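Coordinate inspection notes
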Amino acid sequence: MKMPLFTGCASAIVTPFGNAGPDLGALGNLLDFQLENGVDAIVVCGTTGEASTMSSDELSAVIGHCVRHVAGRVPVIAGAGSNNTAAAAERCRIAQDLGADGLLVVTPYYNKASQTGLIRHFETIADAVEKPVVLYNVPSRTGVAIAPETYAVLAKHPNINGVKEASGNLGALQRTFALCPEDFTVWSGNDGDTVAVCALGGKGVVSVVSNVLPAEMRRLTRLCLQNDFAAAGKLQVELSELCGALFCDVNPIPVKTALNLLGWNAGELRLPLCPPGPEKLERIRSALLHYGLPVVG
């Protein structure tokens with residue numbers, strides 16, 4: 001029986017960048033904020049962490065620093081995917097050697113693999129490491145979706161722990177739960193779908209919003225895991241304005257902007273991402289003020 005890498009709220013942490021590369025001191029401050037507010041896991045070097053813009057040395061430095069700073073207080077799950085299967089396997093081995101507790105592996109973008117290709121891709125990677133692998137299904141970014149029947153095959157692999165499901169396709173998700181064993185864990189990959197995914201049997205969320213409101217996102221998942229979906233649904237609605245604002249532009253543009261507005265040193269975005277225009281900036285600022293957050297920028 002496979003146990004979930006975590007239950008509850010995992011924060012997909014941003015990567016602060018300075019002139020010389022990742023600002024590890026600023027990253028440590030952000031990690032402290034998350035841990036002090038009780039998040040259940042940290043996802044580092046994922047989409048929100050702008051991993052696709054980082055060199056191999058930078059990825060290693062950030063993952064290693066995160067592992068050392070968290071120091072076993074919660075699981076650290078490292079983004080290690082690629083559209084090159086061999087490269088993804090090597091990234092996973094490096095992250096494993098750096099001490100990551102789990103490995104987040106996105107569907108291979110651009111190649112548009114078949115479902116058979118996806119099975120072979122993920123199984124090859126899972127065979128190459130000892131740490132649990134979390135699949136990442138985000139077809140809006142990669143151009144390919146994992147089918148429920150494919151999950152059913154991958155769920156049999158002893159090293160595949162579950163999936164960060166960010167397709168937004170709740171119909172397909174229902175079939176996934178019907179086809180897969182109970183020890184194949186599903187986490188919502190979209191903040192706004194947290195309650196819906198948990199109501200179907202999910203175990204929490206990999207959250208962007210928790211960069212700003214970690215305690216509230218943790219409370220949302222706790223309510224879900226306690227089967228108090230009336231209270232969870234009410235809180236999900238209360239958070240909807242901020243959720244909308246933090247996804248009004250391509251992630252992580254809004255959340256990094258929000259953190260800087262709140263006085264955190266989240267640093268610059270790396271090209272090809274760039275700051276939001278005036279209208280979106282005002283939407284982000286207004287949403288933060290709506291929740292009574294101390295905007296200083």
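1. Structural notes on the state of the cysteines
According to the stated counting rule, one finds zero disulfides in the structure shown. As a non-bridged cysteine, C274 has C248 as the owner of its nearest cysteine sulfur, 12 Å distant. Overall, C274 belongs to the partly exposed group, its relative accessible area being 41%.

2. Comments concerning the packing of aromatic side chains
Within this structure, the stated rule accounts for three aromatic pairs. With centroids separated by 5.7 Å and ring planes inclined at 45°, the aromatic side chains of Y151 and F184 adopt a geometry described as tilted. Taken together, the residues span a long stretch of sequence, with Y151 in helix 6 (residues 148–154) and F184 in the loop between helix 7 (170–179) and strand 9 (185–188) at a distance of 33 residues.

3. Things to note about the pairing of strand 1 (residues 8–12)
Side-chain positions along a regular strand alternate between the two faces of the sheet. For strand 1, the buried fraction is high: five of the five residues fall into the buried class. Here strand 1 runs beside strand 10 (residues 204–207); their pairing, made up of four bridges, is parallel. Residue pairing across strands places G8 opposite G204, the latter belonging to strand 10. Summarising the sheet, strand 1 and strand 4 (residues 41–44) pair through three bridges and their orientation is parallel. Of the residues in strand 4, the one forming a bridge with A12 is V43.

4. Some thoughts on the side chain of N211
Topologically, N211 is positioned in the loop between strand 10 and helix 9 (214–225). Exposure remark for N211: the relative accessible area of 2% places this residue in the buried category. A distance of 2.8 Å separates the side chain of N211 from the backbone oxygen of A12, its partner in a polar contact. When sequence neighbours within four positions are dropped, the list of residues in contact with N211 reads A12, I13, V14, F33, Q34, T48, V255 and L259.

5. With respect to the environment of G162
Residue placement: G162 occurs in strand 8 (residues 160–165). Distance in space between the C-alpha atoms of G162 and V133 is 7.3 Å, their sequence separation being 29 residues.

6. Here's the deal with the packing of helix 12 (residues 253–261) against helix 13 (residues 278–290)
Contact geometry of helix 12 with helix 13 gives a least axis separation of 10 Å together with a crossing angle of 55°. Between helix 12 and helix 13, the angle is such that the two are oblique. In this structure, helix 12 crosses over helix 13, and the sense of that crossing is right-handed. When helix 12 is examined against helix 13, the residues P254, T257, A258 and L261 are found in contact with a partner set consisting of L281, I284, R285 and L288.

7. Notes on the packing of helix 3 (residues 85–97) against helix 4 (residues 115–127)
The geometry of helix 3 relative to helix 4 is characterised by a closest axis approach of 9 Å and an angle of 30° between their N-to-C directions. By the angle between their directions, the pair helix 3 and helix 4 is classed as roughly parallel. As helix 3 packs across helix 4, the resulting crossing turns out to be right-handed. Here T85, A88, A89 and C92 of helix 3 lie close against helix 4, whose contacting residues are H121, T124 and I125.

8. Examining the pattern of salt bridges
This model, assessed by the stated rule, comprises eight salt bridges. In this structure, the salt-bridge partner of E50 is K256, at a minimum N-O distance of 2.5 Å. With E50 in the loop between strand 4 and helix 2 (56–70) and K256 in helix 12, this pair connects stretches of sequence that are 206 residues apart. A salt bridge links E149 to R175, with the nearest nitrogen and oxygen atoms 2.6 Å apart. Here R175 lies in helix 7 and E149 lies in helix 6, a separation of 26 residues in the sequence. Residue classification places R175 among the partly exposed residues on the basis of a relative accessible area of 43%. Salt bridges here are not isolated pairs; linked through shared partners, they connect D40, R218 and R222.

9. Quick look at the nonpolar core
One finds V44, L135, F184, V212 and L288 to be the most contacted residues of the largest nonpolar core, which totals 81 residues. It is helix 2 that provides the largest number of residues to this core, a total of six residues. Setting aside anything within four residues of it in sequence, one finds F184 in contact with L135, Y151, A155, I160, N161, G162, V163 and T176. By size, the runner-up hydrophobic cluster in this structure holds 15 residues, among which are L5, A12, I77 and V138.

10. Re helix 9
Since the α-helix packs 3.6 residues into each turn, any two residues three or four apart lie on the same face. End to end, helix 9 covers 17 Å across 12 residues, agreeing with the expected 16 Å (1.5 Å per residue, within 8%). Among the residues making up helix 9, those that are buried are P214, M217, L220, T221, L223 and C224. Of the surrounding secondary structure, the elements contacted by the buried residues of helix 9 are strand 1, helix 1 (24–36), helix 8 (194–200), strand 10 and helix 10 (229–238).

Procedures and definitions
- Residues numbered from 1 in each chain as written.
- Predicted model: local features only at pLDDT ≥ 70, side-chain atom pairs only at ≥ 80, totals over all residues.
- Heavy atoms only, no water.
- Disulfide = S-S within 2.5 Å.
- Buried < 20%, exposed > 50% of the residue type's maximum accessible area, 1.4 Å probe, protein only.
- Phe/Tyr/Trp six-rings, centres within 6.5 Å; stacked < 30°, edge-to-face > 60°.
- Helix = DSSP H or I, 4+ residues; strand = E, 2+ residues; numbered from the N terminus.
- Pairing = 2+ DSSP bridges.
- Polar contact = N/O pair within 3.5 Å; in protein donor to acceptor, adjacent residues only side chain to side chain.
- Contact = heavy atoms within 4.5 Å.
- Axes fitted to C-alpha atoms, helices over the stretch in contact; angles between N-to-C directions.
- Parallel < 35°, antiparallel > 145°, perpendicular 65-115°, else oblique.
- Left-handed = near helix turned anticlockwise from the far one by under 90°.
- Salt bridge = Lys/Arg side-chain N within 4 Å of Asp/Glu carboxyl O.
- Core = buried A, V, L, I, M, F, W, Y, C linked by side-chain atoms within 4.5 Å.
- Expected span 1.5 Å × (residues − 1).

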